[in-house]
Amino acid sequence: MKFIPIEASQVTLTQLMLPSYSNFSGKIHGGFILNLMDQVAFSCASRHSGHYSVTASVNKVDFLHPIEVGELVTLKSSVNYTGRTSMVVGVRVESENIKTGEVKHCNSSYFTMVAKDEENNNVPVPGLLLDTEESVRRYVRSIYRQAQAKERNKSFQKENFILKDHLDELKNHNAKVML
Ligand SMILES: CC(C)(COP(=O)(O)OP(=O)(O)OC[C@H]1O[C@@H](n2cnc3c(N)ncnc32)[C@H](O)[C@@H]1OP(=O)(O)O)[C@@H](O)C(=O)NCCC(=O)NCCS
């Protein structure tokens, strides 16, 4: 079994936000940032595994602050978890106002990437060498997040969903049930 330190595959990307990346209100388009996040997650996972990887899943992304044209955006990525063929890559996005030096945390997310060989088969990846308390915390957090996601998916599968258990909940929501 091979175990690789986290630092060996970390990827950082810094990019100037151009006017062409903005939306109708003059802020940077969320989809443009998601594209960059996927690119760094891909690079990080591929560097760790030594294979090109595909995105299997993206954990929710909360956009905490808008990003302005002219800001420098930095994306930092690290492998947080390694399974058999999958890796969870944490991506943190910060923007910097070049004139004031103010740095904002814009969002963080977790990408599950799966390593592929030349024939597009899933391929086993090296493990992660956990040499700090923080790296152990992140690894364990990924295990819990995966378990929670599985549980959530299970309870909302069509065959497990019991309609009458949920109808009352909807009374306080902005929807009208007309079955
Ligand atoms: C995601 C994908 C690789 C899963 O492969 P698979 O052979 O169907 O499924 P497996 O059950 O063998 O899963 C392989 C690994 O991916 C993980 N995985 C699969 N689906 C997942 C999901 N939705 N979320 C998190 N992890 C997932 C599994 O847990 C497993 O991890 P492990 O090997 O570390 O234990 C495959 O469905 C695929 O290639 N999807 C398309 C990916 C793609 O094209 N992405 C870009 C979209 S434009």
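Further up the page is the structure itself.
Rules of the game
- Residues numbered from 1 in each chain as written.
- Predicted model: local features only at pLDDT ≥ 70, side-chain atom pairs only at ≥ 80, totals over all residues.
- Near = placed C-beta within 6 Å.
- Helix = DSSP H or I, 4+ residues; strand = E, 2+ residues; numbered from the N terminus.
- Nonpolar A, V, L, I, M, F, W, Y, C, P; charged D, E, K, R; others polar.
- Core = buried A, V, L, I, M, F, W, Y, C linked by C-beta atoms within 7 Å.
- Buried ≥ 20, exposed ≤ 12 C-beta atoms within 10 Å, placed from the backbone.
- Contact = placed C-beta atoms within 7 Å.
- Pairing = 2+ DSSP bridges.
- Axes fitted to C-alpha atoms, helices over the stretch in contact; angles between N-to-C directions.

### A closer look at the site of the ligand
Surveying the vicinity of the ligand reveals the residues V54, T55, A56, S57, G83, R84, T85, S86, T112, V114 and N122. Contributing elements (two or more residues each) for the shell around the ligand: β3 (53-58) and β6 (103-115). Among the elements that take part in the shell around the ligand, β3 stands out by supplying 4 residues, more than any other. Along the lines of polarity and charge, the residues of the shell around the ligand split into 3 nonpolar, 7 polar and 1 charged.

### Concerning the nonpolar core
With 28 residues, the main nonpolar core has A41, M87, V89 and V91 as its most contacted residues. Where this core is concerned, the elements lending two or more residues are α1 (30-49), β4 (72-82), β5 (86-96) and β6. When neighbours within four sequence positions are excluded, M87 is seen to be in contact with A45, H48, S49, V79, Y81, T82, M113 and V125.

### What about the sheet that holds strand β2 (residues 11-16)?
Remark on secondary structure: sheet strands pair via backbone hydrogen bonds, oriented parallel or antiparallel. In spatial order, the strands read β2-β4-β5-β6-β3; together these 5 strands make up an open sheet with antiparallel pairing. Whereas interior strands pair on both sides, the edge strands pair on one side only; in this sheet they are β2 and β3. Each adjacent strand pair in this sheet contributes to an overall mean axis angle of 30°, direction not counted. Across 6 bridges, the pairing between β2 and β4 is antiparallel. Paired with V11 across the two strands is S77, which belongs to β4. Across the sheet, α1 is in contact with β2, β3, β4, β5 and β6; its angle to β5 comes to roughly 135°. In the packing of helix α2 (residues 133-155) onto the sheet, the strands contacted are β4 and β5, and the crossing angle to β4 comes to about 75°.

### Here we look at unusual backbone geometry
The residue N120 is not glycine, and still its phi comes out positive at about 70°. Mapped onto the elements of the fold, N120 is located in the loop between β6 and β7 (127-129).

These values are about where atoms sit, not about what they do.
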